[in-house]
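Each chain, letter by letter, is given below.
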Amino acid sequence: MKTLSELNQQEILALAISLEEEHGRIYGDYAQGLKDQFPASAKVFEEMAGEENEHRRWLIELHREKFGEHIPLIRRQDV
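Residues numbered from 1 in each chain as written. Predicted model: local features only at pLDDT ≥ 70, side-chain atom pairs only at ≥ 80, totals over all residues. Heavy atoms only, no water.

Asker: What am I meant to see in the overall build of the chain here?
Answerer: A count of helical and extended segments in the chain gives 2 helices and 0 strands. Relative to the 2.2 N^0.38 estimate, which gives 12 Å for 79 residues, the radius of gyration of the chain is 15 Å and therefore markedly larger than a compact globule would have. With respect to the three principal axes, the spread of C-alpha positions in the chain is 45 × 25 × 15 Å. A burial count over the chain gives 23% of its 79 residues as buried. Long-range pairs, those at least 24 residues apart, make up 71% of the contacts in the chain between residues at least 6 apart in sequence. By element, 53% of the accessible surface of the chain is carried by carbon and sulfur atoms, the whole surface being about 5700 Å². Charge centroids of the chain, computed over 10 positive and 16 negative side chains, lie 2 Å from each other. (Helix = DSSP H or I, 4+ residues; strand = E, 2+ residues; numbered from the N terminus. Rg over C-alpha atoms; globule rule 2.2 N^0.38 Å. Buried < 20%, exposed > 50% of the residue type's maximum accessible area, 1.4 Å probe, protein only. Contact = heavy atoms within 4.5 Å. Areas by Shrake-Rupley, 256 points an atom, 1.4 Å probe, with all protein chains shown as cover. Lys, Arg positive; Asp, Glu negative; His and termini not counted. Charge placed at Lys NZ, Arg CZ, Asp CG, Glu CD.)

Asker: I keep staring at the packing of aromatic side chains and nothing clicks. Help me out?
Answerer: The relation between two aromatic rings is expressed through the spacing of the ring centres and the mutual angle of the planes. For the coordinates displayed, the defined rule picks out 2 aromatic pairs. Note on Tyr27 and Phe45: the rings are 6.2 Å apart at their centroids and 40° apart in plane angle, and the pair reads as tilted. Of the two residues, Tyr27 is situated in helix α1 (residues 9-34) and Phe45 in helix α2 (residues 39-67); the sequence distance between them amounts to 18 residues. Relative accessible area serves as the criterion here: at 21%, Phe45 is assigned to the partly exposed category. Relative to Phe45, the ring of Tyr30 has its centre 5.2 Å away and its plane inclined at 80°; by these criteria the two rings are edge-to-face. Residue Tyr30 is found in helix α1, and its partner Phe45 is found in helix α2; the two are separated by 15 residues along the sequence. With a relative accessible area of 43%, Tyr30 lands in the partly exposed category. (Phe/Tyr/Trp six-rings, centres within 6.5 Å; stacked < 30°, edge-to-face > 60°.)

This is the structure in C-alpha cells:
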C-alpha cells in the first residue's frame, strides 16, 4: 500500500482512470435499481454514469499520450 504522495504521475493517472470507472459503474447500478419505480431518477444516474465514462475516456487518452498503452492497475484500496 502506498500513500498518494508516493505515487508517480503515471500511477496517479491510472488511479484516476480506475476511480472514474468505479464511479461510472456505481451510478449505473443505481440507475438499474431505480429504473422501474423511479425512471426520472434513474435517468439522472444514467447521465452521471455517462459523464464518468467520458472522463475516463479523456484520462485514458491522456495516459496514451504521456505513457503509452499499458495502464498499471492502481485501485482505491491500494492507496
